[in-house]
2 protein chains.
Amino acid sequence: MDSSIIDYISQFVKLTDDEAEILSSQNLFRQYEKNEILLAEGKYAKVCYFIIKGCVRSYYIKDGEERNTDFFFENQTIRPVSYQTKQPSEYYLSCLEECIVAIGDEARNRKLVEQIPKLFSLVAKMNEELLLQKQLELDHFKNNNPEERYLNLLENKPEFLDRIPLYHLASYLGITQVSLSRIRSRILNR
Amino acid sequence: MDSSIIDYISQFVKLTDDEAEILSSQNLFRQYEKNEILLAEGKYAKVCYFIIKGCVRSYYIKDGEERNTDFFFENQTIRPVSYQTKQPSEYYLSCLEECIVAIGDEARNRKLVEQIPKLFSLVAKMNEELLLQKQLELDHFKNNNPEERYLNLLENKPEFLDRIPLYHLASYLGITQVSLSRIRSRILNR
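Residues numbered from 1 in each chain as written. Chains lettered and ligands numbered in written order. Predicted model: local features only at pLDDT ≥ 70, side-chain atom pairs only at ≥ 80, totals over all residues.

Student: Would you mind going over the overall build of chain A with me for this structure?
Tutor: Tallying secondary structure elements over chain A gives nine helices and eight strands in all. Its C-alpha atoms give chain A principal-axis dimensions of roughly 55 × 35 × 30 Å. Relative to its 190 residues, chain A shows a buried fraction of 26%. Sequence separation of 24 or more characterises 68% of the internal contacts of chain A that already satisfy a separation of 6 or more. (Helix = DSSP H or I, 4+ residues; strand = E, 2+ residues; numbered from the N terminus. Buried ≥ 20, exposed ≤ 12 C-beta atoms within 10 Å, placed from the backbone. Contact = placed C-beta atoms within 7 Å.)

The structure is reproduced here in structure tokens:
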């Protein structure tokens, strides 16, 4: 389990054997059942997550309905807004599959950065990359209609179509499941 | 002009007099006319921007139509996606008002960070803050209908309503100008 987080980090910064050892010796990993809630609306996020295995869904509840905003897979970090703002969370995080997740709280993260200062630039690079993705995602969501959004997923995020149930995907695309089925059959019939 | 960028930076990291002097001595500032294009689709962004005065609009051209995705005001940074990816830009940046802007290219930014290493953590903090804003903006755009999006602007970004012409605002909200007028009169009549 540890090796995957170290492999991931090594893409961004070179770790010495000692540094890899410090990371490996942390008891970072937690296992969660399918549908287990990691964070609920109104609660304070005390930790951030790195997904080793599984898929986590983020959603808001609005007018009694769940509205999916994102799905996170292996090798992705989840840094809840509430973790940063220290305000209650506006949204939920829930395990769409059984998950193995590395957990970091603020004190531990601070200590790790003291022991391995280059982790600071790792986090900076990751945030830069995430910022870029978020901006493009927002621009594309605004500029595209639901069919274009679906085609975009097909091209750029095939794991969304493989692993996310259609009713969750419809909510993520901002349409009903019936509309999504129509879009899918239109594309198949081309 | 220089003092505003130094005041802004001082919110995030404490600068010594020498460091402030290094920043002030840079010839960072450029003036642009209203409607001048800072970056065009298909071009490579070689610089990023910090707005001292004025407003910059970002937009895509789709099906021959301009689609606004963001507006940037005083004390905001603009780090074009193309600057980071080294790929041609998918969108335009254009001055909605006459602007005074501080410019940073990669070589200069690298040199400044060598001279004032704490600027690295400044940029990291700014990116963290921007990432948070982008995530919330995307979530809210997905979860809200146009009227809710407009009310959200009223509450959180009043400068958008003061300084952006209605037809640009309508495009930003993903609706026609007629729909926006209807929303505005519905709200006024309440």
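Student: Explanation requested: the interface of chain A and chain B in the structure shown.
Tutor: Each side of the interface is counted separately: chain A has 23 residues, and chain B has 23 residues. Examining the composition of the side of chain A that touches chain B, we find that 15 residues originate from one element, helix α5 (residues 118–143) of chain A, more than from any other. Residue classes in the side of chain A that touches chain B are distributed as 10 nonpolar, six polar and seven charged. (Nonpolar A, V, L, I, M, F, W, Y, C, P; charged D, E, K, R; others polar.)

Student: Where do I start with the relation of the copies chain A and chain B in this structure?
Tutor: Copy one and copy two of the chain differ by a rotation about a common axis and a shift along it. Overlay of chain A on chain B (RMSD 0.0 Å): rotation 180°, translation along the axis 0.0 Å. When the rotation and shift are considered jointly, the pair of chain copies conforms to a two-fold rotation axis. Residue by residue, 100% of the interface of chain A is reproduced at the interface of chain B, so both copies engage with the same surface. (Least-squares fit on C-alpha atoms with pLDDT ≥ 70 in both.)

Student: I keep staring at the environment of S4(B) and nothing clicks. Help me out?
Tutor: Looking at the element boundaries, S4(B) is found in helix α1 (residues 2–12). With 16 C-beta atoms packed within 10 Å, S4(B) lands in the partly exposed category.

Student: I keep staring at unusual backbone geometry and nothing clicks. Help me out?
Tutor: All names here are of chain B. Phi at N35 takes a positive value of approximately 75°, unusual for a residue other than glycine. With respect to the element layout, N35 can be found in the loop between β1 (29–32) and β2 (37–39). Classification of N35 by C-beta neighbours within 10 Å gives exposed; the count is 11. We note that D63 has phi near 50°; this positive angle belongs to a residue other than glycine. Inspection of the secondary structure puts D63 in the loop between β4 (56–62) and β5 (65–72).

Student: Before we go on, may I ask you to explain the sheet that holds strand β1 (residues 29–32) of chain A in this structure?
Tutor: Strand pairs in the sheet, formed through backbone hydrogen bonds, run parallel or antiparallel to each other. Residue and element names in this part refer to chain A. Taken in spatial order, the four strands make up an open sheet running β1-β8-β3-β6, and their pairing is antiparallel. Each end of this open sheet is capped by a strand with a single partner; those strands are β1 and β6 (77–78). Of the pairings in the sheet, the one linking strand β3 (residues 47–53) to strand β8 (residues 99–105) comprises six bridges and is antiparallel in character. Directly across from V47, in β8, lies its bridge partner D105. (Pairing = 2+ DSSP bridges.)

Student: When you look at the packing of helix α8 (residues 166–173) of chain A against helix α9 (residues 177–188) of chain A in this model, what are you seeing that I'm missing?
Tutor: What describes two packed helices is the angle between their axes and the distance between those same axes. Residue and element names in this part refer to chain A. Where α8 meets α9, the closest approach of the two axes is 8 Å, and the angle between their N-to-C directions is 95°. Here α9 runs roughly perpendicular to α8, going by the angle between their axes. Contacts between α8 and α9 involve L166, Y167, L169, A170 and L173 on the former and, on the latter, Q177, S179 and L180. Looking at the contact of α8 with α9 residue by residue, the class counts come to six nonpolar, two polar and no charged. (Axes fitted to C-alpha atoms, helices over the stretch in contact; angles between N-to-C directions. Parallel < 35°, antiparallel > 145°, perpendicular 65-115°, else oblique.)

Student: I would appreciate a short explanation of the sheet that holds strand β4 (residues 56–62) of chain A in the present structure.
Tutor: Residues and elements named next belong to chain A. Read from one edge to the other, the open sheet built from four strands follows the order β2-β7-β4-β5, with strand pairing classed as antiparallel. This sheet does not close on itself; its edge strands, each paired only once, are β2 (37–39) and β5 (65–72). Ignoring strand direction, the axes of neighbouring strands in this sheet form an average angle of 35°. Bridge count for β4 against β5 is seven bridges, and the pairing is antiparallel. Across the sheet, residue Y60 finds its bridge partner in β5, namely R67.

Student: Is there a simple way to explain the environment of N143(B) in this structure?
Tutor: With respect to the helices, strands and loops of the structure, N143(B) is situated in helix α5 (residues 118–143). Judged by C-beta crowding, with 21 C-beta atoms within 10 Å, N143(B) ranks as buried. Setting aside residues no more than four positions away along its own chain, N143(B) makes contact with Y60(A), K62(A) and R67(A).

Student: Before we go on, may I ask you to explain the confidence of the model for chain A in this structure?
Tutor: Detail in the predicted coordinates should be disregarded across regions flagged by low pLDDT. Model confidence for chain A is summarised by a mean pLDDT of 91, while 99% of its residues fall at 70 or above. Two summary scores accompany this predicted model of the complex, namely pTM at 0.85 and ipTM at 0.84. (pLDDT = per-residue confidence, 0-100.)

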